[in-house]
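This is what each chain is made of:
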Amino acid sequence: MDAVLRAAAIYVALLVIFRLSGKRTLAQVTTFDFVLLLIISEATQQALLGEDFSVTMAVLVILTLVALDRIADYLGWRFPRLGLVIDGAPVVLIERGRLLEDRMRQYQLDLEQVLQEARSSQGIRSADEIDYAILERSGAISVIPKKDRR
């Protein structure tokens, strides 16, 4: 039972830490971010397993974490307000062609990152061609081009 409680505590702690750290996709993870994730996983493993390094304990911890994740997904679906707390909400970064600088600053994004996504997904070359750019819950940026774009 101790392992289940440890796993639940670590799950909640990681959920809060990663929620507060902001939205990022794997494509945006730097080499240092990757190394940091490896270090976090090692520290988490030590906290989860304590002194018991058996296969049974590892399987129990993994099952607990996966179950908690599925429960969080279900609760976020069942109770949309809780889903906003757990996963966040999409954020408009460009609206009707106008850059919303306060939101860009809040999520530590710059115009070049949005334009990079616009070029790769829509073939857009400049901000003038964007009607909306939205930072999705997953961390991806969706770009909707203007209708009169040539």
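Anything mentioned here points back to the structure above.
Notes on the structure follow. (Residues numbered from 1 in each chain as written. Predicted model: local features only at pLDDT ≥ 70, side-chain atom pairs only at ≥ 80, totals over all residues. Heavy atoms only, no water.)

### What about the sheet that holds strand β4 (residues 141-145)?
Link 1 in the chain: Read from one edge of the open sheet, 4 strands run β2-β1-β3-β4, paired in antiparallel fashion. Each having just a single partner strand, β2 (98-99) and β4 make up the two edges of the open sheet.
Link 2 in the chain: With 4 bridges connecting them, strand β1 (residues 91-95) and strand β3 (residues 130-135) associate as antiparallel partners. Across the sheet, residue E95 finds its bridge partner in β3, namely Y132.
Link 3 in the chain: This element, helix α6 (residues 111-122), spans β1, β2, β3 and β4 of the sheet and lies at about 65 degrees to β4. (Pairing = 2+ DSSP bridges. Helix = DSSP H or I, 4+ residues; strand = E, 2+ residues; numbered from the N terminus. Contact = heavy atoms within 4.5 Å. Axes fitted to C-alpha atoms, helices over the stretch in contact; angles between N-to-C directions.)

### Side note on the pairing of β4
Link 1 in the chain: Pairing geometry for β3 and β4, over 5 bridges, is antiparallel. Bridging from a neighbouring strand, I134 pairs with S142 of β4.
Link 2 in the chain: If you look at the hairpin formed by β3 and β4, you'll find 5 residues sitting between the two strands, and G139 has a positive phi there, around 100 degrees.

### What to know about the nonpolar core
Link 1 in the chain: Counting residues in each nonpolar core, the largest one holds 14 residues, and the members touching the most others are L93, V114, I130, A133, L135 and V143.
Link 2 in the chain: Of all the elements in the fold, those that place two or more residues in this core are β1, α6, β3 and β4.
Link 3 in the chain: Among residues more than four places away in sequence, those in contact with A133 are V91, V92, L93, I94, V114, S142 and V143.
Link 4 in the chain: In this structure, A3, I10, L49 and M57 belong to the second largest nonpolar core, which totals 7 residues. (Core = buried A, V, L, I, M, F, W, Y, C linked by side-chain atoms within 4.5 Å. Buried < 20%, exposed > 50% of the residue type's maximum accessible area, 1.4 Å probe, protein only.)

### A look at the packing of helix α3 (residues 55-78) against helix α4 (residues 80-87)
Link 1 in the chain: Interhelical geometry of α3 versus α4 gives an angle of 130 degrees and a closest axis separation of 5 Å. In terms of orientation, α3 lies oblique with respect to α4. Here A72, L75, G76, W77 and R78 of α3 come into contact with α4, specifically with P80, L82, G83 and I86. (Parallel < 35°, antiparallel > 145°, perpendicular 65-115°, else oblique.)

### Section: the environment of D87
Link 1 in the chain: Among the secondary structure elements, D87 is positioned in helix α4.
Link 2 in the chain: The class for D87 is partly exposed, based on a relative accessible area of 36%.
Link 3 in the chain: Measuring from C-alpha to C-alpha, the distance between D87 and D2 comes to 28 Å, with 85 residues separating the pair along the chain.
Link 4 in the chain: Discounting chain neighbours no more than four positions away, the residues touching D87 are R19 and R137.
Link 5 in the chain: At 3.2 Å, the side chain of D87 and the side chain of R137 are in polar contact. (Polar contact = N/O pair within 3.5 Å; in protein donor to acceptor, adjacent residues only side chain to side chain.)

### Notes on the pattern of salt bridges
Link 1 in the chain: Tallying each qualifying case throughout the model produces 5 salt bridges.
Link 2 in the chain: Of the charged contacts, one joins D87 and R137 as a salt bridge, the two residues approaching to 3.2 Å between their closest N and O atoms. Separated by 50 residues along the polypeptide, D87 in helix α4 and R137 in the loop between β3 and β4 bring together distant segments of the chain.
Link 3 in the chain: Take R137: its relative accessible area is 39%, and that puts it in the partly exposed class.
Link 4 in the chain: The partner of E112 in a salt bridge is R119, and the shortest N-O contact between them spans 2.8 Å. (Salt bridge = Lys/Arg side-chain N within 4 Å of Asp/Glu carboxyl O.)

### A closer look at α6
Link 1 in the chain: For α6, with 12 residues, the first-to-last C-alpha span of 16 Å sits near the 16 Å given by 1.5 Å per residue.
Link 2 in the chain: Those residues of α6 that are buried are in contact with β1, α5 (101-106), β3 and β4.
Link 3 in the chain: Looking one or two places after α6, you find G123, whose phi comes out positive at around 75 degrees. (Expected span 1.5 Å × (residues − 1).)

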